[in-house]
Amino acid sequence: EDQVTQSPEALRLQEGESSSLNCSYTVSGLRGLFWYRQDPGKGPEFLFTLYSAGEEKEKERLKATLTKKESFLHITAPKPEDSATYLCAALSGGGADGLTFGKGTHLIIQP
Amino acid sequence: DSGVTQTPKHLITATGQRVTLRCSPRSGDLSVYWYQQSLDQGLQFLIQYYNGEERAKGNILERFSAQQFPDLHSELNLSSLELGDSALYFCASSARGGTIGNPFFGPGTRLTVL
C-alpha cells in the first residue's frame with residue numbers, strides 16, 4: 001500500500017528563519033511527487049512536481065528536492081504570508097492517477 | 001484562482017439524505033478527480049474520470065457515486081448520509097491533451113451532516 005509521511009506535523013518559525021519540511025514516501029514506481037500549499041478552508045494550491053531523484057525546483061522562497069525515498073521543501077527567509085499547511089503527495093505507477101497525500105505540515109511564521 | 005469551480009460552497013443536510021456536488025474542470029482538462037478531506041484522515045482520493053469514463057477508484061464508499069458528462073463537468077452523489085461523511089470535498093482536474101499533468105484543485109464544498 002502506498003504511504004506518504006510528513007514531518008514535522010507543525011512548525012513555528014521566526015520571520016527570516018530558514019528550515020526544511022520532510023516528506024517520506026513508499027510507493028510502487030513513483031511517477032511524480034507533488035507539493036501543495038493549503039490555506040484554511042481553501043483548496044490545495046499547486047506548487048511543484050518532481051519526477052526523478054536529484055531533481056530540484058524553485059519558486060520564490062521555496063525549493064523542493066527529491067531523493068529515492070524522500071522529498072524536502074526548503075523555505076528560505078520565510079515571511080508571515082508563507083504560513084499555511086504544506087501537503088506532499090505521491091503518484092504511484094499502479095495505473096490510477098489518484099494522489100496519495102501525507103497529512104501535511106502546519107507552518108506558522110511569526111513576525 | 002485555479003480555474004476549477006465547485007458548487008455549492010457549503011451544504012448542510014441531515015442523516016439519511018442524498019446530495020449532489022458539482023465540479024467544472026479547467027478549460028481543456030480531460031481528467032476530473034474527487035477527494036475527501038477530513039480532520040482525522042487528511043486528503044483521500046475517491047474516484048477519477050477521464051473524458052467521460054471512470055478511470056480509477058480509491059477509497060470511495062458504495063453509497064457514493066460520480067459521473068462525468070459530455071461537457072466534462074462532473075457530479076459526485078452522496079447518499080444515505082452519515083455523520084461521518086461531514087468533510088470538505090474537493091474536485092481537481094488535469095490532463096490537457098491526454099498527458100497526466102499537474103492536478104489543480106477547486107475551492108471545495110464543505111458538507112455538514114447533522
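Report on the accompanying structure. Keep in mind the model is a prediction, meaning the values are calculated, not measured. (Residues numbered from 1 in each chain as written. Chains lettered and ligands numbered in written order. Predicted model: local features only at pLDDT ≥ 70, side-chain atom pairs only at ≥ 80, totals over all residues. Heavy atoms only, no water.)

### Section: the overall build of chain B
Regarding its fold elements, chain B presents zero helices and eleven strands. Ordering the α and β elements of chain B from the N terminus gives β-β-β-β-β-β-β-β-β-β-β. With respect to the three principal axes, the spread of C-alpha positions in chain B is 40 × 30 × 25 Å. Of the contacts formed within chain B by residues at least 6 apart in sequence, a portion of 55% connects residues at least 24 apart. Within chain B, one finds 9 positive and 10 negative side-chain charges whose respective centroids are separated by 5 Å. (Helix = DSSP H or I, 4+ residues; strand = E, 2+ residues; numbered from the N terminus. Contact = heavy atoms within 4.5 Å. Lys, Arg positive; Asp, Glu negative; His and termini not counted. Charge placed at Lys NZ, Arg CZ, Asp CG, Glu CD.)

### Focus: the state of the cysteines
Simply put, the disulfide is a covalent bond whose two ends are the sulfur atoms of two cysteines. All names here are of chain A. Following the criterion strictly, the structure yields two disulfides over all chains and no others. A disulfide bridge connects C23 with C88, and the sulfur atoms are separated by 1.8 Å. Here the disulfide of C23 and C88 is left-handed, its torsion about the S-S bond being about -55 degrees. Of this pair, C23 sits in strand β3 (residues 19-26) while C88 sits in strand β9 (residues 84-91), and the two are 65 residues apart along the sequence. (Disulfide = S-S within 2.5 Å.)

### Examining unusual backbone geometry
Where the residue is not glycine, phi is negative for most of them; where a peptide bond is considered, it is trans in most cases. Along the chain, S7 of chain A connects to P8 of chain A via a cis peptide bond; the corresponding omega equals -10 degrees. Of note, P8 of chain A is situated in the loop between β1 (3-7) and β2 (10-14). The omega torsion across T7 of chain B and P8 of chain B is -10 degrees, close enough to zero to call that bond cis. Mapped onto the fold, P8 of chain B is located in the loop between β1 (5-7) and β2 (10-13).

### Remarks on the pattern of salt bridges
Taken as a whole and judged by the stated rule, the model has seven salt bridges over all chains. Where R37 of chain A meets D39 of chain A, a salt bridge forms, and the shortest distance between an N and an O atom there is 3.1 Å. Residue classification places R37 of chain A among the buried residues on the basis of a relative accessible area of 14%. We note a salt bridge from R61 of chain A to D82 of chain A, for which the minimum N-O separation is 2.8 Å. Of this pair, R61 of chain A sits in the loop between β6 (56-59) and β7 (62-66) while D82 of chain A is found in the loop between β8 (70-75) and β9, placing the two residues 21 residues apart along the sequence. Several salt bridges converge on common partners, so that one network encompasses R63, E82 and D85 of chain B. (Salt bridge = Lys/Arg side-chain N within 4 Å of Asp/Glu carboxyl O. Buried < 20%, exposed > 50% of the residue type's maximum accessible area, 1.4 Å probe, protein only.)

### Things to note about the environment of S31 of chain B
Residues and elements named next belong to chain B. By secondary structure assignment, the location of S31 is in strand β4 (residues 29-38). Here the alpha-carbon distance between S31 and Q68, two residues 37 residues apart in the chain, equals 9.2 Å. Once residues lying within four places of it in the same chain are set aside, the contact partners of S31 are Q48, Y49, Y50, A92, S93, S94 and A95. A polar contact of 3.1 Å, which involves the side chain of S31, links it to the side chain of Q48. (Polar contact = N/O pair within 3.5 Å; in protein donor to acceptor, adjacent residues only side chain to side chain.)

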